[in-house]
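Chains, contacts and geometry: an overview
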Amino acid sequence: MHLCSVRSPRLSRAGHVVGSRPKHSGGDHSKHTAFRVIKTMGVDPQIKAFLANQSTVSYDTLTPEEARSTAVKLLKATKVFDVKTVLDTQTTGPRQVSVRWYVPEYKSNDALPVIVYFHGGGWVTGDLDVFDALCRALAHHSRVHVVSVGYSLAPEHNFPEGLEDAYAATLWASEHAADFGADPSRIAVAGDSAGGNFSAAVSILARDRFGPKLSLQILLYPVTDYESDQTGHSESFKQNKEGYYLTAGKMEWYWKQYLQDPVQCKDPLVSVLHANDLTKLPPAVVVTAEFDLLRDQGKAYADKLKAAGVSVQYKCYPGQIHSFMGFAVTQYGTDVGLQALADVGQQVQEHYSTKQPD
(Lines give C-alpha, C1' and ligand atoms only; values in the text may rest on other atoms or scores of the structure.)
Protein backbone atom coordinates (compact mmCIF):
# COMPACT_ATOMS: atom_id res chain seq x y z
CA MET A 1 0.00 0.00 0.00
CA HIS A 2 1.48 3.32 -1.10
CA LEU A 3 1.56 6.52 0.87
CA CYS A 4 0.71 9.77 -0.83
CA SER A 5 1.27 13.21 0.69
CA VAL A 6 -1.66 15.46 -0.11
CA ARG A 7 -3.30 18.60 1.13
CA SER A 8 -6.35 17.35 3.05
CA PRO A 9 -8.62 16.33 0.15
CA ARG A 10 -12.30 15.53 0.50
CA LEU A 11 -12.93 12.00 -0.73
CA SER A 12 -15.96 10.53 -2.41
CA ARG A 13 -17.20 7.09 -1.40
CA ALA A 14 -15.04 5.60 -4.15
CA GLY A 15 -11.98 7.22 -2.63
CA HIS A 16 -11.71 9.87 -5.36
CA VAL A 17 -10.60 13.42 -4.66
CA VAL A 18 -13.52 15.80 -5.10
CA GLY A 19 -13.79 19.52 -4.63
CA SER A 20 -10.49 19.93 -2.83
CA ARG A 21 -9.61 23.52 -3.54
CA PRO A 22 -6.81 24.99 -1.45
CA LYS A 23 -6.94 28.69 -0.87
CA HIS A 24 -4.19 30.93 -2.17
CA SER A 25 -1.93 32.12 0.61
CA GLY A 26 -1.90 35.68 -0.64
CA GLY A 27 1.11 37.93 -0.79
CA ASP A 28 2.92 36.50 2.22
CA HIS A 29 5.34 33.96 0.77
CA SER A 30 6.29 32.81 4.24
CA LYS A 31 2.92 31.11 4.59
CA HIS A 32 2.51 27.70 3.00
CA THR A 33 -0.08 24.99 2.80
CA ALA A 34 -0.07 22.12 5.25
CA PHE A 35 0.47 18.52 4.21
CA ARG A 36 -0.68 15.23 5.60
CA VAL A 37 -0.19 11.60 4.68
CA ILE A 38 -3.14 9.39 3.82
CA LYS A 39 -3.48 5.77 2.79
CA THR A 40 -5.28 4.93 -0.41
CA MET A 41 -6.95 1.80 -1.72
CA GLY A 42 -4.65 1.30 -4.71
CA VAL A 43 -4.91 2.20 -8.37
CA ASP A 44 -8.11 3.91 -9.51
CA PRO A 45 -10.37 1.28 -11.17
CA GLN A 46 -10.68 3.53 -14.23
CA ILE A 47 -6.87 3.59 -14.47
CA LYS A 48 -6.70 -0.20 -14.13
CA ALA A 49 -8.86 -0.61 -17.22
CA PHE A 50 -6.51 1.65 -19.18
CA LEU A 51 -3.36 -0.11 -17.99
CA ALA A 52 -4.78 -3.53 -18.86
CA ASN A 53 -4.96 -2.54 -22.52
CA GLN A 54 -1.45 -1.07 -22.80
CA SER A 55 0.98 -2.99 -25.00
CA THR A 56 4.64 -3.49 -24.11
CA VAL A 57 7.03 -1.35 -26.16
CA SER A 58 10.70 -2.10 -26.81
CA TYR A 59 12.66 1.08 -26.31
CA ASP A 60 15.75 -0.49 -27.84
CA THR A 61 14.27 -0.07 -31.31
CA LEU A 62 11.65 2.67 -30.84
CA THR A 63 12.05 5.70 -33.12
CA PRO A 64 10.91 9.26 -32.32
CA GLU A 65 8.45 9.08 -35.22
CA GLU A 66 6.86 5.93 -33.78
CA ALA A 67 6.64 7.53 -30.34
CA ARG A 68 4.96 10.61 -31.81
CA SER A 69 2.45 8.52 -33.74
CA THR A 70 1.58 6.61 -30.58
CA ALA A 71 1.04 9.87 -28.66
CA VAL A 72 -1.36 11.16 -31.32
CA LYS A 73 -3.51 8.02 -31.02
CA LEU A 74 -3.32 7.79 -27.25
CA LEU A 75 -4.26 11.41 -26.57
CA LYS A 76 -7.06 11.71 -29.12
CA ALA A 77 -9.58 14.02 -27.52
CA THR A 78 -13.11 12.92 -26.71
CA LYS A 79 -14.02 15.82 -24.42
CA VAL A 80 -13.55 19.33 -25.83
CA PHE A 81 -14.36 22.44 -23.79
CA ASP A 82 -15.67 25.52 -25.57
CA VAL A 83 -13.58 28.67 -25.73
CA LYS A 84 -14.36 32.00 -27.34
CA THR A 85 -11.45 32.23 -29.78
CA VAL A 86 -8.53 30.10 -30.96
CA LEU A 87 -5.76 31.68 -33.02
CA ASP A 88 -2.71 29.99 -34.52
CA THR A 89 0.22 32.34 -34.93
CA GLN A 90 3.97 32.56 -34.54
CA THR A 91 6.22 34.49 -32.23
CA THR A 92 8.39 37.25 -33.63
CA GLY A 93 12.03 37.85 -32.84
CA PRO A 94 15.21 35.79 -33.06
CA ARG A 95 13.30 32.56 -32.36
CA GLN A 96 10.10 32.01 -34.32
CA VAL A 97 7.93 29.54 -32.43
CA SER A 98 4.47 28.30 -33.36
CA VAL A 99 1.87 29.10 -30.70
CA ARG A 100 -1.88 28.70 -30.30
CA TRP A 101 -3.70 31.44 -28.37
CA TYR A 102 -6.94 30.55 -26.55
CA VAL A 103 -9.38 33.19 -25.33
CA PRO A 104 -11.93 31.89 -22.77
CA GLU A 105 -15.65 32.51 -23.00
CA TYR A 106 -15.57 34.05 -19.52
CA LYS A 107 -16.52 37.73 -19.61
CA SER A 108 -14.76 40.19 -17.36
CA ASN A 109 -14.54 43.96 -17.10
CA ASP A 110 -10.80 43.54 -16.52
CA ALA A 111 -8.15 42.15 -18.83
CA LEU A 112 -7.57 38.50 -17.98
CA PRO A 113 -4.26 36.83 -17.06
CA VAL A 114 -2.27 34.66 -19.46
CA ILE A 115 -0.96 31.12 -18.92
CA VAL A 116 1.84 30.10 -21.29
CA TYR A 117 1.58 26.31 -21.59
CA PHE A 118 4.32 23.80 -22.42
CA HIS A 119 3.04 20.34 -23.32
CA GLY A 120 4.42 17.05 -22.07
CA GLY A 121 5.80 14.16 -24.06
CA GLY A 122 9.32 13.57 -22.82
CA TRP A 123 10.65 16.51 -24.91
CA VAL A 124 10.12 14.18 -27.92
CA THR A 125 6.37 13.87 -28.59
CA GLY A 126 3.34 16.13 -28.53
CA ASP A 127 2.35 19.27 -30.42
CA LEU A 128 -0.29 21.99 -30.52
CA ASP A 129 -2.95 19.63 -31.87
CA VAL A 130 -2.28 16.74 -29.48
CA PHE A 131 -2.67 19.03 -26.46
CA ASP A 132 -5.44 21.22 -27.87
CA ALA A 133 -8.18 19.73 -25.68
CA LEU A 134 -6.12 20.03 -22.51
CA CYS A 135 -5.39 23.71 -23.19
CA ARG A 136 -9.08 24.35 -23.88
CA ALA A 137 -9.92 22.75 -20.55
CA LEU A 138 -7.33 24.90 -18.79
CA ALA A 139 -8.67 28.09 -20.36
CA HIS A 140 -12.24 27.08 -19.49
CA HIS A 141 -11.61 26.18 -15.86
CA SER A 142 -9.05 28.91 -15.12
CA ARG A 143 -10.90 31.71 -16.93
CA VAL A 144 -7.66 32.99 -18.41
CA HIS A 145 -6.01 33.22 -21.81
CA VAL A 146 -3.83 30.21 -22.61
CA VAL A 147 -0.91 30.25 -25.03
CA SER A 148 0.16 26.76 -26.09
CA VAL A 149 3.77 26.58 -27.28
CA GLY A 150 4.93 24.35 -30.12
CA TYR A 151 8.54 24.16 -29.03
CA SER A 152 11.30 22.30 -30.92
CA LEU A 153 11.38 18.58 -30.16
CA ALA A 154 14.27 16.24 -29.42
CA PRO A 155 16.28 14.46 -30.70
CA GLU A 156 16.29 16.77 -33.73
CA HIS A 157 16.66 19.66 -31.29
CA ASN A 158 18.44 18.72 -28.07
CA PHE A 159 18.68 20.67 -24.83
CA PRO A 160 18.55 23.65 -24.57
CA GLU A 161 16.77 24.34 -27.88
CA GLY A 162 13.24 23.46 -26.74
CA LEU A 163 13.74 25.32 -23.47
CA GLU A 164 14.94 28.44 -25.30
CA ASP A 165 11.83 28.25 -27.50
CA ALA A 166 9.72 28.04 -24.36
CA TYR A 167 11.41 31.09 -22.84
CA ALA A 168 11.16 33.06 -26.10
CA ALA A 169 7.44 32.29 -26.37
CA THR A 170 6.89 33.41 -22.76
CA LEU A 171 8.70 36.68 -23.42
CA TRP A 172 6.70 37.22 -26.61
CA ALA A 173 3.40 36.50 -24.85
CA SER A 174 4.17 39.05 -22.16
CA GLU A 175 5.05 41.66 -24.77
CA HIS A 176 1.94 41.02 -26.89
CA ALA A 177 -0.66 40.13 -24.24
CA ALA A 178 -2.37 43.52 -24.58
CA ASP A 179 -2.76 42.94 -28.34
CA PHE A 180 -5.03 40.00 -27.47
CA GLY A 181 -6.91 41.90 -24.77
CA ALA A 182 -5.04 40.14 -21.94
CA ASP A 183 -3.19 41.56 -18.94
CA PRO A 184 0.60 41.74 -19.53
CA SER A 185 1.22 42.18 -15.81
CA ARG A 186 -0.24 38.75 -14.99
CA ILE A 187 1.73 36.15 -16.92
CA ALA A 188 1.98 32.55 -15.69
CA VAL A 189 3.73 29.48 -17.03
CA ALA A 190 2.42 25.93 -16.85
CA GLY A 191 3.23 22.50 -18.18
CA ASP A 192 2.85 18.78 -17.65
CA SER A 193 5.70 16.26 -17.32
CA ALA A 194 8.54 17.51 -19.58
CA GLY A 195 6.47 20.68 -19.98
CA GLY A 196 6.44 20.98 -16.19
CA ASN A 197 10.22 20.82 -16.35
CA PHE A 198 10.16 23.70 -18.84
CA SER A 199 7.74 25.65 -16.65
CA ALA A 200 10.13 25.40 -13.70
CA ALA A 201 13.19 26.19 -15.81
CA VAL A 202 11.54 29.17 -17.56
CA SER A 203 10.64 30.56 -14.14
CA ILE A 204 14.32 30.44 -13.22
CA LEU A 205 15.40 31.96 -16.55
CA ALA A 206 12.85 34.77 -16.27
CA ARG A 207 14.25 35.67 -12.87
CA ASP A 208 17.89 35.47 -13.97
CA ARG A 209 17.35 37.30 -17.27
CA PHE A 210 15.30 40.02 -15.56
CA GLY A 211 12.06 39.26 -17.30
CA PRO A 212 9.39 38.71 -18.06
CA LYS A 213 7.97 38.97 -14.57
CA LEU A 214 5.96 35.84 -13.87
CA SER A 215 3.13 35.71 -11.37
CA LEU A 216 2.57 31.93 -11.14
CA GLN A 217 4.13 28.59 -12.16
CA ILE A 218 1.99 25.47 -12.54
CA LEU A 219 3.89 22.18 -12.53
CA LEU A 220 1.81 19.09 -13.35
CA TYR A 221 3.68 15.86 -12.44
CA PRO A 222 6.91 17.58 -13.51
CA VAL A 223 10.32 16.16 -14.31
CA THR A 224 12.63 17.88 -11.83
CA ASP A 225 15.56 15.46 -11.54
CA TYR A 226 17.59 13.07 -13.64
CA GLU A 227 17.36 9.72 -11.87
CA SER A 228 19.56 6.83 -12.91
CA ASP A 229 21.32 3.81 -11.49
CA GLN A 230 24.35 6.03 -11.01
CA THR A 231 22.58 8.92 -9.29
CA GLY A 232 20.21 6.74 -7.29
CA HIS A 233 16.44 6.46 -7.32
CA SER A 234 13.64 7.81 -5.15
CA GLU A 235 11.18 5.49 -3.45
CA SER A 236 8.43 6.35 -5.94
CA PHE A 237 10.77 5.52 -8.81
CA LYS A 238 11.52 2.12 -7.30
CA GLN A 239 7.87 1.43 -6.49
CA ASN A 240 6.38 2.53 -9.82
CA LYS A 241 9.11 1.86 -12.38
CA GLU A 242 7.02 -0.78 -14.19
CA GLY A 243 3.35 -1.23 -14.94
CA TYR A 244 2.06 2.34 -14.51
CA TYR A 245 2.33 3.79 -18.05
CA LEU A 246 5.50 5.87 -17.54
CA THR A 247 8.19 3.27 -16.95
CA ALA A 248 11.86 3.46 -16.06
CA GLY A 249 12.73 2.27 -19.58
CA LYS A 250 10.60 4.95 -21.20
CA MET A 251 12.12 7.65 -18.99
CA GLU A 252 15.65 6.52 -19.85
CA TRP A 253 14.77 6.61 -23.56
CA TYR A 254 13.42 10.18 -23.25
CA TRP A 255 16.59 11.36 -21.51
CA LYS A 256 18.75 9.87 -24.29
CA GLN A 257 16.75 11.80 -26.90
CA TYR A 258 16.79 15.08 -24.99
CA LEU A 259 20.41 15.39 -23.88
CA GLN A 260 23.35 15.61 -26.27
CA ASP A 261 25.71 14.51 -23.51
CA PRO A 262 24.83 12.69 -20.26
CA VAL A 263 26.86 15.26 -18.33
CA GLN A 264 24.10 17.77 -19.10
CA CYS A 265 21.91 15.98 -16.58
CA LYS A 266 23.69 18.05 -13.92
CA ASP A 267 22.62 21.34 -15.50
CA PRO A 268 20.23 23.11 -13.08
CA LEU A 269 17.94 23.91 -16.02
CA VAL A 270 17.65 20.17 -16.66
CA SER A 271 17.54 18.89 -13.08
CA VAL A 272 15.88 21.94 -11.55
CA LEU A 273 15.72 20.14 -8.20
CA HIS A 274 19.46 20.75 -7.90
CA ALA A 275 19.40 24.46 -8.73
CA ASN A 276 21.37 26.33 -6.08
CA ASP A 277 18.99 29.28 -5.82
CA LEU A 278 15.20 28.98 -5.90
CA THR A 279 14.49 32.27 -4.17
CA LYS A 280 12.43 35.03 -5.73
CA LEU A 281 10.53 32.65 -8.01
CA PRO A 282 6.79 32.95 -8.67
CA PRO A 283 4.27 31.14 -6.46
CA ALA A 284 3.82 27.53 -7.49
CA VAL A 285 1.05 24.99 -7.94
CA VAL A 286 2.56 21.49 -7.98
CA VAL A 287 0.55 18.36 -8.79
CA THR A 288 1.77 14.77 -8.57
CA ALA A 289 0.19 11.32 -8.88
CA GLU A 290 0.51 8.48 -6.38
CA PHE A 291 1.49 5.77 -8.89
CA ASP A 292 3.94 7.91 -10.86
CA LEU A 293 7.66 7.21 -10.67
CA LEU A 294 8.19 11.02 -10.76
CA ARG A 295 6.03 11.58 -7.67
CA ASP A 296 8.82 12.01 -5.14
CA GLN A 297 10.93 14.35 -7.24
CA GLY A 298 7.89 16.56 -7.82
CA LYS A 299 7.21 16.64 -4.09
CA ALA A 300 10.91 17.28 -3.37
CA TYR A 301 10.87 20.29 -5.69
CA ALA A 302 7.73 21.66 -4.02
CA ASP A 303 9.46 21.29 -0.64
CA LYS A 304 12.62 22.99 -1.89
CA LEU A 305 10.63 25.90 -3.32
CA LYS A 306 8.84 26.23 -0.01
CA ALA A 307 12.17 26.22 1.88
CA ALA A 308 13.35 29.03 -0.42
CA GLY A 309 10.41 31.20 0.62
CA VAL A 310 8.17 30.53 -2.37
CA SER A 311 4.44 30.13 -1.80
CA VAL A 312 3.48 26.57 -2.78
CA GLN A 313 0.19 24.74 -3.28
CA TYR A 314 0.93 21.00 -3.51
CA LYS A 315 -1.35 18.03 -4.05
CA CYS A 316 -0.72 14.37 -4.81
CA TYR A 317 -3.77 12.67 -6.30
CA PRO A 318 -4.29 9.18 -4.85
CA GLY A 319 -4.77 6.26 -7.21
CA GLN A 320 -3.56 8.15 -10.28
CA ILE A 321 -0.69 7.63 -12.73
CA HIS A 322 1.56 9.90 -14.77
CA SER A 323 -0.32 12.01 -17.37
CA PHE A 324 -3.69 11.45 -15.69
CA MET A 325 -4.71 15.06 -16.33
CA GLY A 326 -3.79 14.81 -20.01
CA PHE A 327 -5.81 11.61 -20.26
CA ALA A 328 -8.77 13.36 -18.62
CA VAL A 329 -9.96 14.76 -21.96
CA THR A 330 -9.54 11.43 -23.79
CA GLN A 331 -11.36 8.09 -23.76
CA TYR A 332 -9.00 7.04 -20.97
CA GLY A 333 -9.97 9.88 -18.66
CA THR A 334 -10.92 9.37 -15.04
CA ASP A 335 -13.32 11.24 -12.80
CA VAL A 336 -10.33 12.25 -10.69
CA GLY A 337 -8.47 13.57 -13.74
CA LEU A 338 -11.39 15.81 -14.67
CA GLN A 339 -11.66 16.97 -11.07
CA ALA A 340 -7.94 17.76 -11.02
CA LEU A 341 -8.34 20.03 -14.06
CA ALA A 342 -11.17 21.82 -12.27
CA ASP A 343 -9.10 22.03 -9.08
CA VAL A 344 -6.16 23.66 -10.86
CA GLY A 345 -8.52 26.05 -12.59
CA GLN A 346 -9.99 27.04 -9.25
CA GLN A 347 -6.52 27.56 -7.80
CA VAL A 348 -5.67 29.88 -10.70
CA GLN A 349 -8.88 31.83 -10.19
CA GLU A 350 -8.25 32.19 -6.47
CA HIS A 351 -4.63 33.18 -7.05
CA TYR A 352 -5.58 36.03 -9.36
CA SER A 353 -8.49 37.15 -7.22
CA THR A 354 -5.97 37.91 -4.47
CA LYS A 355 -3.87 41.05 -4.81
CA GLN A 356 -0.31 40.06 -5.67
CA PRO A 357 2.77 41.79 -4.23
CA ASP A 358 4.64 44.24 -6.46
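Residues numbered from 1 in each chain as written. Predicted model: local features only at pLDDT ≥ 70, side-chain atom pairs only at ≥ 80, totals over all residues. Heavy atoms only, no water.

1. Digging into the side chain of Asp 165
The following threshold applies: Helix and strand definitions follow DSSP, with helices as H or I runs of at least four residues and strands as E runs of at least two, each counted in order from the N terminus. Here a polar contact is recorded for every N or O atom pair within 3.5 Å, except that within protein the pair must consist of a potential hydrogen donor and a potential acceptor, and residues adjacent in sequence are included only if both atoms are side-chain atoms. A contact between two residues is defined here by any heavy atoms of the two lying within 4.5 Å.
Topologically, Asp 165 is positioned in helix α4 (residues 161-176). Within the structure, the side chain of Asp 165 is placed 2.5 Å from the side chain of Ser 152, a separation counted as a polar contact. Not counting the four nearest positions on each side in its chain, Asp 165 is found in contact with Arg 95, Val 97, Val 149, Tyr 151 and Ser 152.

2. Looking at helix α1 (residues 45-52)
Quick note on the threshold: Exposure categories follow from relative accessible area, calculated using a 1.4 Å probe and restricted to protein chains: below 20% of the type maximum is buried, above 50% is exposed, and the middle band is partly exposed. Here, the arc refers to the directions that run from the helix axis to the C-beta atoms.
Among the residues of α1, those classed as buried are Ile 47, Phe 50 and Leu 51. Summarising the axial view, the buried residues of α1 lie within an arc of 95 degrees, below the 170-degree limit, and thus occupy one face. In α1, the exposed positions that point more than 90 degrees away from the buried face belong to Pro 45, Lys 48 and Ala 52. In the core, the buried residues of α1 are packed alongside α2 (64-74), β10 (312-321) and α9 (324-327). N-capping of α1 is provided by Asp 44, with a side-chain oxygen placed 2.8 Å from the backbone N of Gln 46.

3. Some details on unusual backbone geometry
Omega for the peptide link from Phe 159 to Pro 160 comes to 10 degrees, which places this bond in the cis form. Mapped onto the elements of the fold, Pro 160 is located in the loop between β6 (145-150) and α4. For the bond running from Gly 211 to Pro 212, omega is 0 degrees, close enough to zero to count as cis. Within the secondary structure layout, Pro 212 lies in the loop between α5 (194-208) and β8 (216-220). Of note in this structure, Arg 143 is not a glycine but carries a positive phi near 60 degrees. Within the secondary structure, Arg 143 is located in the loop between α3 (132-142) and β6. For Arg 143, a relative accessible area of 36% puts it in the partly exposed group.

4. Overview of the sheet that holds strand β3 (residues 85-90)
Worth spelling out the cut-off: Strand pairing is assigned whenever DSSP detects at least two bridges linking the two strands. The angle between two axes is taken between their N-to-C directions and runs from 0 to 180 degrees, where each axis is a line fitted to C-alpha atoms and a helix contributes only its stretch in contact.
Read from one edge to the other, the open sheet built from 8 strands follows the order β3-β4-β6-β5-β7-β8-β9-β10, with strand pairing classed as mixed. Edge positions in the open sheet fall to β3 and β10, since each of these has one partner strand only. On average, each strand axis in the sheet is inclined to that of its neighbour by 20 degrees, with strand direction left out of account.

5. Comments concerning the packing of α3 against helix α10 (residues 335-353)
In a packed pair of helices, the relevant descriptors are the angle between the two axes and the axis-to-axis distance. Note the threshold: Our angle categories are set so that under 35 degrees counts as roughly parallel, over 145 as roughly antiparallel, 65 to 115 as roughly perpendicular, and the remainder as oblique. By the definition used in this description, the sense in which the near helix is turned from the far one sets the handedness, with an anticlockwise turn below a right angle giving left-handed and a clockwise turn giving right-handed. Throughout, the ten residues Ala, Val, Leu, Ile, Met, Phe, Trp, Tyr, Cys and Pro are labelled nonpolar, Asp, Glu, Lys and Arg are labelled charged, and all others, Gly among them, are labelled polar.
Remark: α3 packs on α10, axes separated minimally by 8 Å, with the N-to-C direction vectors making an angle of 45 degrees. It follows from the interaxial angle that α3 and α10 lie oblique. Along this stretch, α3 crosses α10, giving a crossing that reads as right-handed. In this structure, α3 contributes Leu 134, Ala 137, Leu 138, His 141 and Ser 142 to the contact, and α10 contributes Leu 341, Ala 342, Val 344, Gly 345, Gln 346, Val 348 and Gln 349. Taken together, the residues of the contact of α3 with α10 sort by class into 7 nonpolar, 5 polar and no charged.

Purely geometric stuff here, so don't read any function into it on its own.
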